[in-house]
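Here is what each chain is made of, one letter per residue.
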Amino acid sequence: MQAIRSILVVIEPEHSESLALKRAKLIAGVTQAHLHLLVCDKKHDHAGMLSVLKAALLADGYSVTTEQAWNESLYETIIDVQQAEGCGLVIKQHFPDSPLKKALLTPADWKLLRHCPTPVLLVKTAGSWKDKVILAAVDVGNADGEHRHLHNTIIDHGYDIALLAKAHLHVISAHPTPMLSSADPTFQLKETIEAKYREQCRAFQAEFDIDDQHLHIEEGPADVLIPYMARKLQAAVTVIGTVARSGLSGVLIGNTAEAVLDTLESDVLVLKPQEVEDHLVELATKD
């Protein structure tokens, strides 16, 4: 987060208060990152509004540029501009779709999360991050190389946000429930699963300097437990990661991130491993 030099801020003209811009100013105020404001619209001219926003930001000491663009779809426009401007973070306000619309069409924010090569911060709240909880969701039970790298990325970003917002980092990790049908006896007994998981967690805690008070180990599905814990801790931001689920040829965001997006009451930062980001950059730069 500290290394991000340029932030793409998606401005929604129909909403008078830009929550995305509010978060971008907070981050840029600490990191000195450049802000590139983008309106995605092919029908109406928003030059006047962008000019007013730019003038106000310049007067407050921010480095800022503006742009209005459109290419095929909202998510494609955002990614095109992100690539052209070299932005290391995309910030966008999240507007939940109705269940009916979601059943018929893939939500635009899901597409953005799936295809954007850089971290995406989806803003859902107007409240301050200061002195609040930043909740990082990890899967400690997955210790393969890709997940280990993702854990590093999630915890690093969690610490960064906690530092810049003067907030407190907490970590949640969900472990599987016992499965009587499992061929491996290890996964049949609750006590065995929990003991094995806590052993993995101790190694994780030692590596990332997370004490017992800031680590929450819960049994059950992650898409239920993450929103539950975020609500319980009144988290301001939930940091969640995703890996490629069906090979790099078909990069998909993990179902957990999509499932929790509308149920979380906090802002959501979604991260990917470097390998996935690199592949998405290749896809984005193809003609």
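Details of the structure are given in the entry above.
What you see is a predicted model; the values in this text were computed from it and never measured.

**Student:** Please clarify how the pattern of salt bridges should be interpreted in this entry.
**Tutor:** Pairing between side chains of opposite charge can happen when the charged atoms of each approach one another. A full pass over the atoms with the stated rule returns four salt bridges. Of the charged contacts in the structure, one is a salt bridge between K92 and E12, with a shortest N-O distance of 3.7 Å. Of the two residues, K92 sits in strand β4 (residues 89-93) while E12 sits in the loop between β1 (6-11) and α1 (19-31), which places them 80 residues apart along the sequence. When sorted by exposure, K92 lands in the same class as E12, which is buried. The shortest N-O distance in the salt bridge between R23 and D267 comes to 2.7 Å. Of this pair, R23 sits in helix α1 while D267 sits in strand β10 (residues 267-271), and the two are 244 residues apart along the sequence. Several salt bridges share partner residues, and in doing so they unite E12, K92 and D109 into one network.

**Student:** Explain the nonpolar core to me, please; I cannot follow it from the model alone.
**Tutor:** One broad trend across soluble globular proteins is that nonpolar side chains are buried collectively. In this structure, I7, V9, L35, L37 and I91 are the most contacted members of the largest nonpolar core, which totals 49 residues. Excluding its chain neighbours within four sequence positions, the residues that come into contact with V9 are A20, L21, A24, L35, H36, L37, L38 and I91. If you look at the next biggest cluster of nonpolar residues, it comprises 35 residues, including I78, V90, A137 and A174.

Thresholds applied
Residues numbered from 1 in each chain as written. Predicted model: local features only at pLDDT ≥ 70, side-chain atom pairs only at ≥ 80, totals over all residues. Heavy atoms only, no water. Salt bridge = Lys/Arg side-chain N within 4 Å of Asp/Glu carboxyl O. Helix = DSSP H or I, 4+ residues; strand = E, 2+ residues; numbered from the N terminus. Buried < 20%, exposed > 50% of the residue type's maximum accessible area, 1.4 Å probe, protein only. Core = buried A, V, L, I, M, F, W, Y, C linked by side-chain atoms within 4.5 Å. Contact = heavy atoms within 4.5 Å.

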